Structures are given as structure tokens and as C-alpha cells.
Amino acid sequence: MTAICDKLILTDCDGVLLDWEFGFTDWMRRKGYHLSENEFENYLGKYAINERYGELTKSGAKTLVREFNNSAEMLSLSPLHSSIKYIKKLNEEHGYVFHMISSQTDNKAAQKLRIMNLENVFGKHVFTEHTILGCGDDKDGALEPYRDTGCYWLEDKPANAQVGHEIGLRSILVSHHYNKVHDFIGSSIPRLNWKEIYELITSD
């Protein structure tokens, strides 16, 4: 591992730090949209929103995600599970800091809400940098400066975890029902909860 990543962790935001799924599902419910029947079985292993809501087309789902990601909801997303506990331990007890990389929106006002949300939940001192890309944008370019550094890269989307693995990062897939079924060809990306992530990183 190079010195740049000795105490730096690269991390996605939604589904890793913040519980985007809970916030989005509640927002959709308030707009009159509901998950398909037998929702857990229906979208086990499915990341795409239109696969969870039977009434939505792919383009319709994308429009709603963009609307949500540009909304004031970005200021109040709750932390994911026990992320606060273990991020605090990694930061305060072990000296780790985080570079957050999120595909959220190009809207500057909504980006500021995201950063405020993160700093309110985790503290300003935890993050060295925030990189916010457009909704659904690939993260290849944001990760490229860390190629072959061996940095930890925390993600909930299998495809993005795979990208990190392929450029020499130590990808970890944060465990969710929608990424339980995945196929990483030729790799060994672990799928862990926050407690397990903490134990893995601090065991180095």
C-alpha cells in the first residue's frame, strides 16, 4: 500500500454512509408510489429502481431519482445502520479519514445539502474531500487518481465495487438485500456489514 492510503478510506455515500434507500422509499410513498408485492423477493439482487416499482419505466425511475437527489431531502438522510459508530471509531481511535465519492447531482445547491448532511451526521473533521458527480455517473474518473494504491473503497453497487477492484483498490461491498446476489468474475470482493468492515480494516 502506498503512503497516500495509509489512513485514507474512499467511500461512496448512499447505501454506505447514508440510508438513501429508506429516505427514497419514504419519499416515493408520500408521492403515491409503492414497492411491488413481495418486494423483498422481487428485487433481491436488483439495484435498478424500476425493477422494484412495477409501475415505473426505466426512464420514469431515473426522472424520480434525479428529482429526489435534487430535493431538500438531501439535508436529512439518516445514517446507514451502525455507520456512525464505526466511522467514529476508525477516525478517533485509528486516525482514518474519508474521501466521499457520490453520484448524486450536478445541482450545486443540492450538493451543498449533501455535504451539510454528512458533516452534521459524522462531523467535518472526518472527511478530507467530497467528490460529487452527476446522478448515475460512472466513478471511474474519480477513482483513477488512486489506481494501484490499495486504498479501501467502500461501495454498495456491485459494478462500482468491481471498477475499484480492477484498478487496484481494496473494494468492499457494503451488505444490502439488493446486492446479495452478484457475480464478481475473477475477484474476491467481500460483502460486509459495518462491524465487519471495521474489523477487517483494523486488522491490517
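Residues numbered from 1 in each chain as written. Predicted model: local features only at pLDDT ≥ 70, side-chain atom pairs only at ≥ 80, totals over all residues. Heavy atoms only, no water.

Digging into the state of the cysteines
Move 1: In the structure shown here, the tally under the stated rule is zero disulfides.
Move 2: Free cysteine Cys 13: the closest other cysteine sulfur is in Cys 135, separated by 13 Å. (Disulfide = S-S within 2.5 Å.)

Here's the deal with the packing of aromatic side chains
Move 1: Using the criterion set out here, one finds eight aromatic pairs in the structure.
Move 2: Centre to centre, the rings of Trp 20 and Phe 68 are 5.5 Å apart; their planes meet at 80°, and the pair counts as edge-to-face. Taken together, the residues span a long stretch of sequence, with Trp 20 in helix α1 (residues 20-30) and Phe 68 in helix α3 (residues 58-69) at a distance of 48 residues.
Move 3: Phe 68 gets classed as buried once you look at its relative accessible area, which sits at 0%.
Move 4: When the ring of Phe 122 is compared with that of Phe 127, the centres are 6.3 Å apart and the planes differ by 80°; the resulting orientation is edge-to-face. One exposure class covers both Phe 122 and Phe 127, and it is buried.
Move 5: Geometry around Tyr 96 places Lys 7 over its ring, the cationic atom sitting 4.5 Å from the centre.
Move 6: It is Arg 170 that lies over the ring of Tyr 152; its NZ or CZ is 4.1 Å from the centre. (Phe/Tyr/Trp six-rings, centres within 6.5 Å; stacked < 30°, edge-to-face > 60°. Helix = DSSP H or I, 4+ residues; strand = E, 2+ residues; numbered from the N terminus. Buried < 20%, exposed > 50% of the residue type's maximum accessible area, 1.4 Å probe, protein only. Lys NZ or Arg CZ within 6 Å of the ring centre and 35° of its normal.)

Looking at α3
Helical geometry: 3.6 residues make up each α-helical turn, so side chains three or four residues apart lie on a common side.
Move 1: The terminal C-alpha atoms of α3 lie 16 Å apart, and with 12 residues this matches the ideal 16 Å at 1.5 Å per residue to within 8%.
Move 2: Three or more residues of α3 are buried, namely Ala 61, Leu 64, Val 65, Phe 68 and Asn 69. Down the axis of α3, the buried set is contained in an arc of 135°. They therefore lie on one face.
Move 3: Elements that come into contact with the buried residues of α3 comprise α1, β2 (97-103) and α5 (108-122). (Expected span 1.5 Å × (residues − 1). Arc of directions from axis to C-beta. Contact = heavy atoms within 4.5 Å.)

Some thoughts on the side chain of Asp 156
Move 1: Within the secondary structure, Asp 156 sits in the loop between β4 (152-155) and α7 (158-166).
Move 2: The side chain of Asp 156 sits in the buried core without any salt bridge; Lys 139 is the nearest counter-charge, 5.8 Å away. (Lys, Arg positive; Asp, Glu negative; His and termini not counted. Salt bridge = Lys/Arg side-chain N within 4 Å of Asp/Glu carboxyl O.)

Focus on the sheet that holds strand β1 (residues 8-11)
One key point about sheets: their strands pair by backbone hydrogen bonds, in either a parallel or an antiparallel sense.
Move 1: Ordered by their spatial adjacency, six strands build an open sheet running β3-β2-β1-β4-β5-β6, and the pairing between neighbours is parallel. Two strands bound the open sheet, and with one partner strand each, they are β3 (127-133) and β6 (191-192).
Move 2: Inspection of the sheet shows strand β5 (residues 170-174) paired to β6 by two bridges, in the parallel sense. Bridging from a neighbouring strand, Val 174 pairs with Leu 192 of β6.
Move 3: α5 rests against β2 and β3 of the sheet, and its axis sits at about 145° to β3. (Pairing = 2+ DSSP bridges. Axes fitted to C-alpha atoms, helices over the stretch in contact; angles between N-to-C directions.)

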